[in-house]
Amino acid sequence: MRLPFNKKRPSGSENRSFIARMLASPRHRLAGLCVLLLALIVVAFGVPSRTSSTEYIPISQVVADVRGGHVARLVVINESNEVEVHYKHGDPAIRRAYKEGTISLQETLIQGGVDRLELPEIAVRQPDYNWDRALSFLLPGALLAGVLVYTLKQSARQNAAFGKSRAKLLQEANTGVTFNDVAGIDEARTELAELVEFLKDPARFGTLGARIPKGVLMVGPPGTGKTLVSRAIAGEAGVPFFSVSGSEFVEMYVGVGASRVRDLFAQARQHAPCLVFIDEIDALGRSRASGGTTGAHEEREQTLNQLLVEMDGFEASSGIIVIGATNRPDVLDPALLRPGRFDRQVVLDRPDIKGRTAILQVHARGKPLAADVALDTIAKMTPGFSGAELANVINEAAILAVRQGRKLITMQDMEEAIDRVVAGPARKSRIISEHERAVTAYHEVGHAIVARMLPHVDQVHKITIVSRGMAGGYTRVLPAEDRMMYSKQQFKEMMAFMLGGRAAEEIVFRDVTTGASNDLERVTDLARQMVMRYGMSSKLGLVSLGKRSGTEFLGSRSDAEVNYSEDVARQIDSEVRELVDEAYRLAKDILLAQMDRLVNISETLIERETLNAEEFEAFFEGLPRPERKPHRPSLPLQKSGLNTPNLVRASAPAANPGPAATVRRGDHSP
């Protein structure tokens, strides 16, 4: 019978391979040295030596034993004061004593009263070296010196690697992402696909004397696919791909960042043709003028200077292409953006409705969708969403379907996922009083009715009083088309839509609540932009007031610089108040004219908690929605005597009011 513990023992070669693997690790080697040092210290100081049993006696006792005739022989250890005492009568013990160093042993015995004729045999011999004691001091010292040398070597290696680039090299990277997985940014994809074509067939461009850009800078809001595009380039190019973050060049030690930049480009030259991708390049290429009055030896400036030299130093035929990605192009150094370094800037903006549909199709691959799921409808429901947010919607919908035990993702899951991404998960456990519930319902219905009766406000898609996040309820409107510009009339009607909730509260309850705090903040900001930024004030005229600075793609704005007088400031406040009051009067007039519908829809909403577009529109049966009547010029420009080509200018789109025009949330918490 074989016992369960009768296992095959490892052979000698297996033991040796295990020891070799252990010694190959620097940590294991250092740990082994420490254990060996500890063992030697224990042996040296914990184990008694062979001579520790020798008995030492005072010299006076030696003199007395010699007078008594008990000593047979004395041996003096040369070059020391130590004396070995050998006794008579078969006593094997050898005792030792120390004599005085100034006189001889013989004189010491005579001075002690020993007769010269009775002196025992006195011999002299060379000392025996105590190797145990010598090793107990030499070996620990040698081991300490070895550990010190090993530590210094390791530190030197680390210091040598400290200035090395930390870029990840992917040889013919198989990232699993190609240009087929990138949607919604067709123009940017075309621009970047040329990089791959150049790397694969540079002779095609060289026949006409064209050269590929040395650098391409991708800019855009977060989540628009900058890193995804770089992974697609790596998957398509089939050449070495260096990936590094801009923050990896920034260190507290002066010169380290510049050393890493040099090492990165040295590696790139060895693997040319290749691609170098620097993510979040604003951490590395921040403008030197924006950093204050720092010295020329400041680490960040040295790193940036080295990057500028490397990008402008290698030849275009070297096949090194630098791709940078950032959402802060406003802070980059102008020297970094000039042609010859970053020749192209590719903007990856938020996708339009066509792009959102394509992105949803990409992320819906391999996911079981129910027959009622319409991706084009979901694209209409998600204006302003980035590619990352759309991917999150698909993923949230899949999670919700699994949570409900379904095997298909339904349209209801998609709509719930959009609500979760926009406003957060539903807080159904939140307990509110009947009065607050009624105020919330009338508030949201007030928004919806004003939107229904104004032609330039988008159609109502959903009204709910289910609490989500900090919002007590919200009204969602969907645009029929993507807009790049807004008119003054559109802004006025949007402001009336924002104030519809406050107007409904005042009309029905003869009181107002804090639920409109977010509405008031947004409508005031919009009115102030109309006056100060868009020149839509009849009193102040076509002027732009207040110099603004901020992040273009991050959506945040810093306080505007005051470049106007106090008298103009009072006029601005007066114009803003007039615009807001005019919008509020318009909202109240609409609600007073639709009072019956306001009450009926609100009571229905209190009962059902949520109304969709069809249920809401059923209350307006027989009342058509006002149509937009765009104004067109009565006289063509060609017949007006104007020089048409000189009138062509690049029109900057107005800043999108954002979620304020898409989702109207009510914060009904005090």
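Here, every reference points to the structure presented above.
Residues numbered from 1 in each chain as written. Predicted model: local features only at pLDDT ≥ 70, side-chain atom pairs only at ≥ 80, totals over all residues. Heavy atoms only, no water.

### Describing the overall build of the protein chain
- Helix and strand counts for the protein chain stand at 23 helices and 15 strands.
- Contacts in the protein chain between residues far apart in sequence, at least 24 positions, make up 75% of those at least 6 positions apart. (Helix = DSSP H or I, 4+ residues; strand = E, 2+ residues; numbered from the N terminus. Contact = heavy atoms within 4.5 Å.)

### As for the environment of R468
- In this fold, R468 is placed in the loop between β12 (459-464) and β13 (473-478).
- The exposure class assigned to R468 is buried, which follows from its relative accessible area of 5%.
- When the C-alpha atoms of R468 and A426 are compared, they prove to be 4.6 Å apart, with 42 residues separating the residues in sequence.
- If near-sequence neighbours (up to four positions away) are discounted, R468 is found in contact with E416, D419, R420, A423, G424, P425, A426, R427 and Y474. (Buried < 20%, exposed > 50% of the residue type's maximum accessible area, 1.4 Å probe, protein only.)

### What about the packing of aromatic side chains?
- Across all of its chains, the model carries five aromatic pairs by this definition.
- Look at F241 and F277: their rings are 6.3 Å apart centre to centre, the planes differ by 20°, and that puts the pair in the stacked class. In this pair, F241 is assigned in strand β8 (residues 241-245) and F277 in strand β9 (residues 274-279), connecting sequence segments 36 residues apart. Pair check on accessibility: F241 and F277 agree, each one buried.
- Clustering of aromatic rings is evident, with ring pairs tying together Y486, F491 and Y534. (Phe/Tyr/Trp six-rings, centres within 6.5 Å; stacked < 30°, edge-to-face > 60°.)

### Things to note about the layout of surface pockets
- Of the pockets and cavities examined, the second largest pocket occupies roughly 960 Å³.
- Lining the second largest pocket are 38 residues, and of these E415, D419, H461, K462 and N612 lie nearest its centre.
- Secondary structure elements with two or more residues in the lining of the second largest pocket: α13 (375-381), α14 (387-403), α15 (411-423), β12, β13, β14 (610-612) and α22 (613-617).
- By residue number, the principal contributor to the lining of the second largest pocket is α15, which donates six residues.
- Its residues placed into classes, the lining of the second largest pocket shows 12 nonpolar, eight polar and 18 charged. (1 Å grid on protein atoms, 1.4 Å probe; cavity = no way out; pocket = protein on both sides within 12 Å on 5 of 7 lines; lining within 4 Å. Points joined across faces, edges and corners; volume = space filled by probe spheres on them. Nonpolar A, V, L, I, M, F, W, Y, C, P; charged D, E, K, R; others polar.)

### Let's talk about the environment of R437
- With respect to the secondary-structure elements, R437 resides in helix α16 (residues 434-453).
- With relative accessibility at 19%, the residue R437 sits in the buried group.
- Note: C-alpha distance between R437 and I606 (169 residues apart in sequence) is 7.1 Å.
- When neighbours within four sequence positions are excluded, R437 is seen to be in contact with I432, I465, I606 and E609.
- A polar atom in the side chain of R437 sits 3.2 Å from the side chain of E609. (Polar contact = N/O pair within 3.5 Å; in protein donor to acceptor, adjacent residues only side chain to side chain.)

### A short note on the packing of helix α17 (residues 488-498) against helix α20 (residues 566-593)
- Contact geometry of α17 with α20 gives a least axis separation of 8 Å together with a crossing angle of 65°. Crossing geometry of α17 relative to α20 is assigned as right-handed. Along its contact with α17, which presents K492, M495 and A496, the element α20 presents L579, V580, E582, A583, L586 and A587.
- Broken down by class, the residue content of the contact of α17 with α20 amounts to seven nonpolar, no polar and two charged. (Axes fitted to C-alpha atoms, helices over the stretch in contact; angles between N-to-C directions. Left-handed = near helix turned anticlockwise from the far one by under 90°.)

### Thoughts on the sheet that holds strand β5 (residues 121-125)
- Strand order in the open sheet made by the five strands is β1-β4-β3-β2-β5, with mixed pairing throughout. Since the sheet does not close on itself, it has two edges, and those belong to β1 (55-56) and β5, each with one partner.
- Here strand β2 (residues 71-77) pairs with strand β3 (residues 82-87) via five bridges, running antiparallel. Directly across from R73, in β3, lies its bridge partner H86.
- This element, helix α3 (residues 59-67), spans β2, β3 and β4 (94-98) of the sheet and lies at about 145° to β2. (Pairing = 2+ DSSP bridges.)

### Overview of helix α21 (residues 595-608)
- With 14 residues, α21 extends 20 Å between its outermost C-alpha atoms, agreeing within 8% with the 20 Å of an ideal straight helix rising 1.5 Å per residue.
- Buried residues of α21: L598, I601, S602, T604, L605 and I606, and no others.
- Tucked into the core, α21 has its buried residues touching α16, β12, α18 (500-509), β14 and α22.
- E609 sits one or two positions beyond α21 and adopts a positive phi of about 75°. (Expected span 1.5 Å × (residues − 1).)

### A look at the packing of α16 against α17
- Interaxial distance between α16 and α17 falls to 8 Å at its minimum, and their mutual angle equals 155°. Relative to α17, the element α16 is oriented roughly antiparallel. In this structure, α16 uses H447, V450 and A451 to contact α17, whose residues at the interface are A496, F497 and M498.
- Residue classes in the contact of α16 with α17 are distributed as five nonpolar, one polar and no charged. (Parallel < 35°, antiparallel > 145°, perpendicular 65-115°, else oblique.)

### Some points on α15
- Across its 13 residues, α15 extends 18 Å between first and last C-alpha, which sits within 8% of the 18 Å expected from 1.5 Å per residue.
- The complete set of buried residues in α15 reads M411, D413, M414, A417, I418, D419 and A423.
- Taken together, the buried residues of α15 touch α13, α14, β12 and β13.
- Residue G424 follows α15 closely and has a positive phi angle near 100°.

### Thoughts on the pattern of salt bridges
- Scanning the entire structure with this criterion turns up 26 salt bridges.
- The partner of E121 in a salt bridge is R73, and the shortest N-O contact between them spans 3.7 Å. With E121 in strand β5 and R73 in strand β2, this residue pair connects regions lying 48 residues apart in the sequence.
- A relative accessible area of 47% means that E121 is categorised as partly exposed.
- Ionic pairing is found between E506 and K588, a salt bridge with its closest N-O pair at 3.7 Å. With E506 in helix α18 and K588 in helix α20, this residue pair connects regions lying 82 residues apart in the sequence.
- Linked through salt bridges whose partners overlap, the residues forming this network are E416, D419, K462, R468 and R476. (Salt bridge = Lys/Arg side-chain N within 4 Å of Asp/Glu carboxyl O.)

### Side note on the nonpolar core
- Ranked by size, the top nonpolar core spans 51 residues in total, and within it I449, V450 and M495 carry the most contacts.
- Among the secondary structure elements, those contributing two or more residues to this core are α16, β12, α17, α18, α19 (517-532), α20 and α21.
- Those residues in contact with V450 that sit more than four places away from it in its chain are A496, F497, G500, A587, I590 and L591.
- In terms of nonpolar packing, the next biggest core, distinct from the first, is built from 29 residues, A188, F205, L275 and A325 among them. (Core = buried A, V, L, I, M, F, W, Y, C linked by side-chain atoms within 4.5 Å.)

### Regarding unusual backbone geometry
- One non-glycine residue, E280, lies in the positive phi region at around 50°.
- Looking at the element boundaries, E280 is found in the loop between β9 and α10 (299-313).
- E280 gets classed as partly exposed once you look at its relative accessible area, which sits at 32%.
- You will see that E609, though not glycine, has its phi angle at about 75°, which is positive.
- For E609, the position within the fold is in the loop between α21 and β14.

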